[in-house]
Amino acid sequence: MSPDATISKSSFELPIEGMTCASCVLRVEKAIAAVPGTIKANVNLATERASVETDGSVQPSAIIAAVNSAGYETSVESFALEIEGMTCASCVGRIERALSAVPGVISASVNLATEKATISATAGLVTRAVLEATVKEAGYEVRQVASEAGAEPVPAADRKAVEARKLSWAFGLSALLTAPLFVMEMGSHFIPAVHMFIMNTIGMQTNHYLQFILATVVLFGPGLRFFQKGIPALLRGAPDMNSLVVLGTSAAWGFSVVSTFFGGLLPAGTANVYYEAAAVIVTLILLGRLLEARAKGRTSQAIQRLVGLQAKTARVVRDGAVIELPLEAVRAGDRIQIRPGDKVPVDGIVRSGESYVDESMITGEPVPVRKGEGDEVVGGTINKTGSFEFEATKVGANTLLAQIIRMVQAAQGSKLPIQALVDRVTGVFVPVVIGIALVTFAVWFVFGPSPQLTFALVNAVAVLIIACPCAMGLATPTSIMVGTGRAAELGILFRKGEALQTLRDVNVVALDKTGTLTKGRPELTDLIVTEGFDRTEVLRQVASLETLSEHPIAEAIVAAAVKGGLTLAAPQGFEATPGYGISGIVDGHNVLVGADRALAKAGIAVDHFAGNARQLGDEGKSPLYAAIDGTLAAIIAVADPIKPTSRSAIAALHEQGLKVAMITGDNARTANAIARQLGIDEVVAEVLPEGKVDAIKRLRADGRKLAFVGDGINDAPALAEADVGLAVGTGTDIAIESADVVLMSGDLRGVSIALSISRATIRNIKQNLFWAFAYNATLVPVAAGIAYPFTGMLLSPALAAGAMALSSVFVLANALRLRSFGAQVGASDSRTSAPLELEYAK
């Protein structure tokens with residue numbers, strides 16, 4: 001909430017959360033009443049609302065802070081407004097200040113590139129109508145935002161196309177009228193034949209009349225849009241880029257009109273016309289707007305492509321018949337039929353059939369994934385050759401694709417910390433430019449060469465035109481839009497835009513082990529048999545016995561046998577001895593499975609596998625043994641296997657100059673064994689879930705920035721504590737909600753890609769800001785004529801208009817380079833680590 005905003009003297013209601021009894025009511029009332037300026041506070045436990053009356057001097061933030069300090073919360077609601085008419089960074093600042101001044105608004109952020117305002121406000125104090133009226137009072141228009149995530153970008157893209165078409169027509173007409181005007185005036189100056197032709201045919205005065213007609217049509221035809229926005233802004237005392245154009249073109253046109261029709265009023269030798277400057281300025285700025293509109297449309301292509309992934313219809317099974325319904329008619333619980341080549345319309349679970357599904361548009365993984373009964377499918381993915389039926393579990397705005405679109409939109413609309421400097425500068429930029437233009441006029445009028453009035457006018461107009469802060473306003477948001485959009489296409493979602501900047505400064509990447517570095521479920525990793533025993537038969541007999549055990553190790557052994565297509569037998573005489581193992585009879589054979597002490601108790605030596613046992617121990621695996629009919633048959637190891645891509649992911653992080661740590665609740669021996677295999681620099685083992693936060697704080701010592709990567713419920717506090725939390729997308733919803741960045745594919749190599757995108761985007765933003773600031777810092781003095789005493793050079797208003805238009809186009813084109821950011825991840829297995837190659841157009 002704006003610290004300067006105040007509530008007018010009146011009663012208002014404030015929602016309060018967390019009250020449970022009458023003492024809570026009393027505590028909240030006392031807290032609010034203690035705020036200076038509060039006349040009366042009445043809290044209702046049943047409605048969970050506080051009625052507050054103030055004398056008008058109370059800051060809303062003070063009341064909310066008092067409620068929070070008493071241990072309670074106020075409900076916060078968000079609003080999104082699409083705004084028309086913004087042209088530069090000063091427009092952004094003006095709207096943000098107006099919205100922040102609305103009583104009850106906590107924060108307001110306006111994005112020039114997306115043309116969207118995001119407002120957080122205390123629930124019950126602010127309505128959408130009030131916010132829309134505030135924007136209109138500031139001189140801008142509001143479009144309605146569709147409620148369904150994913151539906152909004154389509155009409156937005158259409159509007160951009162319509163805007164580009166309108167600008168194209170306006171520019172075409174302006175250029176058509178400006179061309180003869182430019183030839184008549186500039187041709188007369190530089191080509192004697194043109195001058196003589198005009199003098200011998202229509203004469204100079206008629207020439208000026210024609211120029212007046214052409215320039216007037218340009219200014220008040222295609223150029224009328226600048227006057228419609230710029231003059232009201234001037235009258236409100238809040239000039240913007242349109243105001244600069246209006247002042248510059250009006251000065252050139254107005255002076256020319258006086259010279260044409262009332263030349264005798266001007267000093268001798270100063271009755272010159274500058275119609276061509278006014279017309280060329282309008283034409284070039286319209287060209288810049290046209291190019292800008294087209295480039296803006298391309299910056300949002302990632303969102304448009306995501307929206308395009310949605311199916312339009314679904315084949316739903318109802319009452320035994322298959323009917324095709326529009327997507328909005330699909331309900332949770334519907335059975336949906338998918339044929340080869342179909343798009344999966346919504347999220348669900350396969351109930352019958354099987355196929356391979358291309359999930360690359362969601363996860364970034366190019367290899368189709370097998371889907372069978374019980375597997376989850378995601379809306380927007382593409383079925384390959386098979387067919388299946390699935391039950392819809394999430395529809396509409398609840399689907400994963402809709403959530404992804406919301407995440408990307410939120411990230412694209414956010415402001416990075418680096419934007420703070422831009423906001424401070426642009427807040428005063430336009431008034432300062434007008435001041436510089438006035439000083440320029442005065443200096444040239446007083447000290448300039450003859451004709452002073454002409455020089456003063458031309459240079460003041462050049463300053464007004466060249467100093468538009470468009471490039472400053474577009475520098476950061478366009479890079480964010482393109483960078484986060486490209487990341488989403490690669491399966492990396494920046495849930496919070498700030499993470500895009502913070503991730504770049506990370507020094508340490510801490511990784512959870514289970515489910516992040518490893519697959520998260522035990523698997524049979526080793527089964528070595530003694531001579532005379534058949535491996536398949538030993539596995540079948542051991543797995544048959546393990547079917548009666550509930551231990552996770554037993555599940556892994558049984559799963560391996562089932563995967564191998566083995567037919568398991570029903571064991572007899574099953575017996576489990578805690579701490580030792582299990583025994584029973586399978587197909588008439590006595591089978592014993594357990595630790596070395598279980599076999600020693602049965603009088604069976606395990607020395608034959610001593611070397612294998614040491615090797616398994618070094619790998620962090622605990623060996624088990626199997627005996628059949630009193631003879632040592634095999635050594636067995638079940639472990640949570642390392643993901644095939646973990647080694648190459650850590651190698652990629654090391655190549656980027658980062659330290660890698662592992663935080664796990666596993667015993668130190670297992671953790672250190674995995675760390676050795678993967679090349680991890682630091683291990684924090686035997687950590688309870690609540691201890692992960694303390695571990696992160698220790699790793700962050702000496703001011704190091706830390707990113708934590710996890711996937712489980714117990715990782716949520718650590719993800720929130722880290723400077724940047726990255727959740728593996730195959731993990732739990734709670735972990736994903738706690739994270740700043742989501743790796744949709746679950747591939748750890750996405751961490752390195754996310755870091756590279758972060759660095760590329762921030763580098764791109766800095767390039768844009770350097771260009772925008774350097775452009776103004778260099779060319780405004782040149783436009784003011786600072787080089788004239790040394791070089792005799794002046795910058796004409798027409799050239800200034802061209803340079804101004806090019807500055808915005810340059811910034812947009814530079815941001816669009818981020819679309820070429822690509823990542824090819826080589827194949828990897830458990831023994832090799834393929835390098836992660838990143839490509840980015842330099």
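Summarised in this report is the structure supplied together with it. A quick note: this is a predicted structure, and the numbers were derived from the prediction, not measured.

### Concerning the packing of aromatic side chains
Inference 1: Scanning the model with the defined rule gives 12 aromatic pairs in all.
Inference 2: Note on Phe441 and Phe445: the rings are 5.9 Å apart at their centroids and 5 degrees apart in plane angle, and the pair reads as stacked. Of this pair, Phe441 and Phe445 are both found in helix H14 (residues 419–447), 4 residues apart, which corresponds to roughly one turn of the helix.
Inference 3: When its relative accessible area of 30% is taken as the criterion, Phe441 is described as partly exposed.
Inference 4: Each member of the aromatic cluster is reached from another via a ring pair, and the members are Tyr209, Phe212, Phe220, Phe227, Trp253, Phe261 and Tyr275.
Inference 5: Taking the ring centre of Tyr580 as reference, the NZ or CZ of Arg597 above it sits at 5.9 Å.
Inference 6: Over the ring of Tyr580 we find Lys601, and its NZ or CZ is 4.9 Å from the ring centre.

### Points about the pairing of strand S4 (residues 76–84)
Inference 1: As defined by bridge partners, S4 adjoins strand S6 (residues 116–122) across 7 bridges and the pair is classed as antiparallel. Within S6, the position partnered with Val76 by the bridge is Thr122.
Inference 2: Sheet topology places S4 next to strand S7 (residues 141–143); 3 bridges connect them, and they run antiparallel. By the bridge assignment for S7, Glu82 is matched with Arg143.

### So, the environment of Gly104
Inference 1: Tracing the backbone shows Gly104 in the loop between helix H3 (89–100) and strand S5 (105–111).
Inference 2: We classify Gly104 as buried; its relative accessible area is 0%.
Inference 3: Sequence-wise, Gly104 and Val76 are 28 residues apart; in three dimensions their C-alpha atoms are separated by 9.7 Å.

### Overview of unusual backbone geometry
Inference 1: In the segment running from Ser450 into Pro451, the intervening peptide bond is cis, with an omega of -5 degrees.
Inference 2: For Pro451, the location among the structural elements is in the loop between H14 and helix H15 (452–466).
Inference 3: Not every positive phi belongs to a glycine, and Asp319 is a case in point at roughly 55 degrees.
Inference 4: Note that Asp319 resides in the loop between strand S8 (313–318) and strand S9 (321–326).
Inference 5: Take Asp319: its relative accessible area is 83%, and that puts it in the exposed class.
Inference 6: You will see that Asp629, though not glycine, has its phi angle at about 55 degrees, which is positive.
Inference 7: Relative to the elements of secondary structure, Asp629 occurs in the loop between strand S22 (623–628) and strand S23 (631–639).

### A word on the sheet that holds S7
Inference 1: The 4 strands lie next to each other as S5-S6-S4-S7, forming an open sheet whose pairing is antiparallel. Since the sheet does not close on itself, it has two edges, and those belong to S5 and S7, each with one partner. Taken over all neighbouring pairs, the strand axes of this sheet differ in orientation by 30 degrees on average, direction set aside.
Inference 2: Across 6 bridges, the pairing between S5 and S6 is antiparallel. Residue Ser109 lies in a different strand from S6, and its bridge partner there is Thr118.
Inference 3: Each of S4, S5 and S6 is contacted by H3, which is oriented at about 165 degrees to S5, the strand it contacts most.
Inference 4: Its contacts with the sheet place helix H4 (residues 128–137) against S4, S5, S6 and S7, and it is angled at close to 35 degrees to S4.

The rules behind each value
- Residues numbered from 1 in each chain as written.
- Predicted model: local features only at pLDDT ≥ 70, side-chain atom pairs only at ≥ 80, totals over all residues.
- Heavy atoms only, no water.
- Phe/Tyr/Trp six-rings, centres within 6.5 Å; stacked < 30°, edge-to-face > 60°.
- Helix = DSSP H or I, 4+ residues; strand = E, 2+ residues; numbered from the N terminus.
- Buried < 20%, exposed > 50% of the residue type's maximum accessible area, 1.4 Å probe, protein only.
- Lys NZ or Arg CZ within 6 Å of the ring centre and 35° of its normal.
- Pairing = 2+ DSSP bridges.
- Axes fitted to C-alpha atoms, helices over the stretch in contact; angles between N-to-C directions.
- Contact = heavy atoms within 4.5 Å.

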